[in-house]
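# Report on the structure
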Amino acid sequence: MKNILYVSPYAHIGGGELSLLAILKNLNREVFKVEVVCYEEGQFVERIKETGITCKVIKRNSFFSNFSIVGSIYWLIRKKKINLVCVNSLDIRAGFAAYLAGVPFLGHLRIIFPFAWPDFLFVRLSARIMAVSHAVVDGFCAHYPQLRSKFVVLLNAVEMPLGIIPVPLRDEFGLSNNAWLIGMVGRIDPYKGHAVFVDAARLIKKGIPEAVFFIVGEEAHDQEGSHYVSVLKERITTCGLSESFVFSGFRQDIMNVISALDTVVIPSLELKKKGGVLKEGFGRVAVEAAVCGVPVVASKVGGLKEIIQDAVTGILVSADNPQELAEGVVTVFKDKEKRLSIIHEARKNARLLYGLSGHMRALEGIYCSVLGIKQDNDNPCMACGNTYFGRLEQDSGYEVLQCVRCGLSYVDPLPPEELLKERYSRDYYKPWLVRQRKARVRMWKRRIKIVNRFFNNAGRLLDVGCGEGLFLELSKADGWDVTGTEFSSFAVHYIKEKLGIEAYEGDVTDIDVGSEKFDAVTLWHVLEHTKNPLEVLKKIRDIISDNGVLIVAVPNLNNKISQVIYRFLKGKRLHLFSPADRELHLVFFTPASIRMVLDKAGFDVIEVVPDYGCIRWQERLLNSVNRLFYLISGQMVFDAFEVHARPRERG
Ligand SMILES: [Zn+2]
């Protein structure tokens, strides 16, 4: 699982917040775990909570609270083990917190505004910035051209519900049935051009006497926005249009409201401010209107120019030009053929470019590339079927991939057969047969006791990957009827000739061991050498008796203490796979991931216990440390563990 922290500085519902909500609802939750932080209380926080995601509010109410925001986000990143921070704008506080915590962060740039040095710093420190249009990238890079490579254009997605039912606006506001409804939708903010709309309304009224004008949305909360509504109302009264304007306030059912309108206007401005120009980065309403089948007349600014193709998917007019805006609206009203063609083309275009599934695919692709996750749809995880993999290491053309969902890890690509054959020749077993024999006899006797715990009488035992056969030899002496399988032809010859025990050469999946079932099946440090442990375990499920017991011992990928000690002593990471190693492990398990594989193969796990199968005093010392840590923390950090399992009844 990868943990993502989303940071939204604002809590009013605007285009950016709606886009983030859509992302939160549709993100692949089997791969990504999500947390949200907001800098204010508000409707957006409520909407997030409705989706079942936790949203923490860190209030910003003074200059000094900027520092507390950095601190709070930093601690949240550490506490929740966040892997990636996604900021729903450019916010240096969140960026700085992520930077301090050493976690990559992404920005999402949705509007074009007068950028300042904190924005520059944010983009520079970020891993990537997603921009909603080319206009946004151009807007930023006009000031900071050296940062263009940080940007990737990711068109906003719009939810496209089927069968949107229009709100009966005429009834709701007591309008006549032939009223022609022309609306502006979005936050009431000077740069959205409401004043131009009011001026145009006067002219529109001349061409469309039955026109009624809707202003849908709530006031912006900043200082400039708060007086804007009264300014607008005054202007409307001066123009003598009080009867023709409706302020609907904020609407939750925005798509239903849009689809009730006859025309949507987006008269956004290019507003010169200190240090730059503020303009529309995307123009989400244009896409929403297209989805709802409502024609749009919009300003030729920012992202709107990219969304709308003039006279094909809408009508573009000069910004801050009431005359042109009015003409556009009247044209749409009078020319029915043109209106229907615009509606048709715009809807087709919106479905093609702004659908959620394509957007989510692209977005998750960006997350994966930043997190170093590989997506492989052709080779899903054998345990859980997930297709996202992290890279644990890379060496000599081999990678160790880890399933993001269940943690099962394996070598990719698999090494060639010749390399494996060569490695398990006589030289591999030599130290076991001579130098380590005494210690190994002790180890195997202890393991026989483990097997015997599950049985009153010795029965038939199969040791898969039996190596040079010492365990078979000792089990036989203990009364078991033993059989072995082994990949190494050297070992099989040795067992048959020197020990007189039945042994099969090859992979257990390919061997026919006869129809009589086994009571005990053991795999002592074998499963990690197999190419497909699931297939191996499925085969064992077929040949183990219904009351049988399976014992699997494998190295532990979570051997944290050994990793620390190794790094301390050798000054480098304890690696997992190199073609030059004596032991070629192809699969790496944690207690959790082996449980999933066993479950899938048809086994119920009885217990997972430490594997003390040690020989040397150093290992015994290490095991004491591990045991202490295990007692204190409950974490299985031993170098290896055993899983004892029973075959599940076939349903
Ligand atoms: Zn998996």
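The structure displayed is predicted, hence computed values, not measured ones.

So, how was this worked out
Residues numbered from 1 in each chain as written. Predicted model: local features only at pLDDT ≥ 70, side-chain atom pairs only at ≥ 80, totals over all residues. Heavy atoms only, no water. Helix = DSSP H or I, 4+ residues; strand = E, 2+ residues; numbered from the N terminus. Rg over C-alpha atoms; globule rule 2.2 N^0.38 Å. Areas by Shrake-Rupley, 256 points an atom, 1.4 Å probe, with all protein chains shown as cover. Lys, Arg positive; Asp, Glu negative; His and termini not counted. Charge placed at Lys NZ, Arg CZ, Asp CG, Glu CD. Pairing = 2+ DSSP bridges. Donors = N, O, S within 2.8 Å, 3.2 Å for Na, K, Ca; no water. Buried < 20%, exposed > 50% of the residue type's maximum accessible area, 1.4 Å probe, protein only. Disulfide = S-S within 2.5 Å. Salt bridge = Lys/Arg side-chain N within 4 Å of Asp/Glu carboxyl O. Axes fitted to C-alpha atoms, helices over the stretch in contact; angles between N-to-C directions. Parallel < 35°, antiparallel > 145°, perpendicular 65-115°, else oblique. Contact = heavy atoms within 4.5 Å. Nonpolar A, V, L, I, M, F, W, Y, C, P; charged D, E, K, R; others polar. Domains from an automatic or database assignment. Arc of directions from axis to C-beta. Core = buried A, V, L, I, M, F, W, Y, C linked by side-chain atoms within 4.5 Å. Phe/Tyr/Trp six-rings, centres within 6.5 Å; stacked < 30°, edge-to-face > 60°. Right-handed = clockwise from strand over helix to strand, strands pointing away. Patch = residues over 30% accessible without salt bridge, like charges linked within 9 Å, V, L, I, M, F, W, Y side chains within 5 Å. Left-handed = near helix turned anticlockwise from the far one by under 90°.

## What to know about the overall build of the protein
Looking only at helices and strands, the protein has 25 helices and 27 strands in total. Taken over the C-alpha trace, the protein has a radius of gyration of 34 Å; the compact-globule value for 651 residues is 26 Å, which it surpasses by more than 25%. Principal-axis analysis of the C-alpha atoms places the extent of the protein at approximately 110 × 50 × 40 Å. When the accessible surface of the protein is totalled, it reaches about 29600 Å², and 51% of it is carbon and sulfur. Separation of charge centres in the protein, based on 83 positive and 74 negative side chains, amounts to 5 Å.

## Observations concerning the sheet that holds strand E19 (residues 409-412)
Pairing is antiparallel in the open sheet, where 5 strands are placed in the order E16-E17-E18-E19-E25. Each having just a single partner strand, strand E16 (373-375) and strand E25 (587-588) make up the two edges of the open sheet.

## What about the coordination of the zinc ion?
Looking at the zinc ion, the protein donor atoms are Cys-381 (SG), Cys-384 (SG), Cys-403 (SG) and Cys-406 (SG), and they sit 2.3 Å from it. Sequence spacing of the donors to the zinc ion: C-x2-C-x18-C-x2-C. Each member of the pair Cys-403 and Cys-406 is classed as buried.

## Examining the state of the cysteines
As enumerated under the stated definition, the model contains 0 disulfides in all. You can see Cys-141 has no disulfide; the closest cysteine sulfur is in Cys-86, sitting 20 Å from it. A relative accessible area of 5% places Cys-141 in the buried class.

## Re the pattern of salt bridges
If the charged atoms of two oppositely charged side chains come close together, the side chains can form a pair. With the rule as written, the count across this model stands at 24 salt bridges. Among the charged side chains, a salt-bridge network with shared partners connects Lys-374, Arg-391, Glu-399 and Asp-412.

## Quick word on the packing of helix H1 (residues 15-26) against helix H16 (residues 356-371)
Direction vectors running N to C along H1 and H16 enclose 80°, while the axes themselves pass 11 Å from each other. The orientation of H1 relative to H16 falls into the category roughly perpendicular. Along its contact with H1, which presents Ala-22, Ile-23 and Asn-26, the element H16 presents Leu-356, His-359, Met-360, Leu-363, Glu-364 and Tyr-367. The class makeup of the residues in the contact of H1 with H16 is 6 nonpolar, 2 polar and 1 charged.

## Quick word on the domain arrangement of the protein
Under the domain assignment used here, the protein contains domain 1 (2-153), domain 2 (169-353) and domain 3 (417-647). Here the C-alpha centre of domain 3 lies 71 Å away from the C-alpha centre of domain 2.

## Some details on helix H5 (residues 117-125)
Looking at H5, one finds that the buried residues are Asp-119, Phe-122 and Val-123. Mapping the buried residues of H5 onto a view down its axis gives an arc of 95°, with all of them on the same face.

## Side note on the nonpolar core
In this structure, Ile-73, Val-85 and Phe-140 are the most contacted members of the largest nonpolar core, which totals 77 residues. A total of 7 residues in this core trace back to one element, the largest contributor, which is helix H12 (residues 284-292). Inspection of this core shows a minimum of three residues originating in each of domain 1 (2-153) and domain 2 (169-353). Apart from the residues lying within four places of it in its own chain, the contact partners of Val-85 are Leu-5, Val-7, Ile-77, Ala-98, Val-103, Pro-104, Phe-105 and Leu-106. One finds Val-464, Phe-518, Val-587 and Ala-601 within the second-largest nonpolar core, a separate group that totals 53 residues.

## A closer look at the side chain of Asn-556
Tracing the sequence through the fold places Asn-556 in the loop between strand E24 (544-555) and helix H23 (560-570). Ignoring any residue separated from it by four or fewer positions in sequence, one finds Asn-556 in contact with Phe-589, Thr-590, Pro-591, Met-636, Val-637, Phe-638, Asp-639, Ala-640 and Phe-641.

## Details of the environment of Phe-250
Note on placement: Phe-250 falls in the loop between strand E10 (245-249) and helix H11 (254-260). On the accessibility criterion, Phe-250 (26% relative accessible area) is partly exposed. In this structure, the C-alpha to C-alpha distance between Phe-250 and Asp-519, residues 269 residues apart in sequence, is 70 Å. Look past the residues within four positions of Phe-250 in its chain and what remains in contact with it is Ile-13, Gln-43, Gly-217 and Glu-218.

## Looking at the packing of aromatic side chains
Aromatic ring pairs: the centre-centre distance and the angle between the two ring planes describe each pair. On inspection of all chains with the given rule, the structure shows 24 aromatic pairs. Summarising the aromatic geometry, the rings of Trp-180 and Phe-333 are spaced 4.8 Å apart at their centres and angled 75° between planes, so their arrangement reads as edge-to-face. Taken together, the residues Trp-180 in strand E8 (residues 180-185) and Phe-333 in helix H14 (residues 322-334) connect sequence positions 153 residues apart. Geometrically, the ring pair formed by Trp-444 and Phe-471 is tilted, given 5.0 Å between the ring centres and 40° between the ring planes. With Trp-444 in helix H19 (residues 437-452) and Phe-471 in helix H20 (residues 470-477), this pair connects stretches of sequence that are 27 residues apart. An identical accessibility class is assigned to Trp-444 and Phe-471; each is buried. Through successive ring pairs, a cluster of aromatic residues spans Phe-115, Phe-120, Phe-140, Tyr-144 and Phe-151.

## A look at the sheet that holds strand E14 (residues 296-299)
On the basis of which strands lie adjacent, the open sheet formed by 6 strands has the order E10-E9-E8-E11-E14-E15 and parallel pairing. Two strands bound the open sheet, and with one partner strand each, they are E10 and strand E15 (315-317). Pairwise comparison of adjacent strand axes, ignoring direction, gives a mean angle of 25° for this sheet. Against the sheet, H12 engages E8, strand E11 (263-266) and E14, with an angle of about 170° to E11.

## Let's talk about the pairing of strand E4 (residues 84-87)
Side chains of E4 alternate between two faces, with Leu-84 and Cys-86 and Val-85 and Val-87 buried alike. Crossover handedness for the path E4 to helix H4 (residues 92-101) to strand E5 (residues 105-109): right-handed.

## Overview of a nonpolar patch on the surface
Together, Phe-63, Phe-64 and Phe-67 give the surface a local cluster of nonpolar side chains, amounting to about 420 Å² of exposed area. Examined against the element boundaries, Phe-67 turns out to sit in helix H3 (residues 65-79).

## A short note on the environment of Pro-413
In this structure, Pro-413 sits in the loop between E19 and helix H17 (417-423). Owing to a relative accessible area of 41%, Pro-413 belongs among the partly exposed residues under this scheme. Note: C-alpha distance between Pro-413 and Glu-345 (68 residues apart in sequence) is 47 Å. Once residues within four sequence positions are removed from consideration, Pro-413 is found in contact with Gly-397 and Tyr-398.

## Regarding the packing of helix H8 (residues 194-207) against H14
In contact at an axis separation of 8 Å, H8 and H14 are set at 45° when each is read in the N-to-C sense. On the basis of their axis angle, the class for H8 and H14 is oblique. In the crossing of H8 with H14, the sense of the turn from one axis to the other is right-handed. Across from Val-196, Phe-197, Asp-199, Ala-200, Leu-203, Ile-204 and Gly-207 in H8, the residues of H14 making contact are Pro-322, Gln-323, Leu-325, Ala-326, Val-329, Val-330, Phe-333 and Lys-334. Partitioned by chemical class, the residues of the contact of H8 with H14 number 11 nonpolar, 2 polar and 2 charged.

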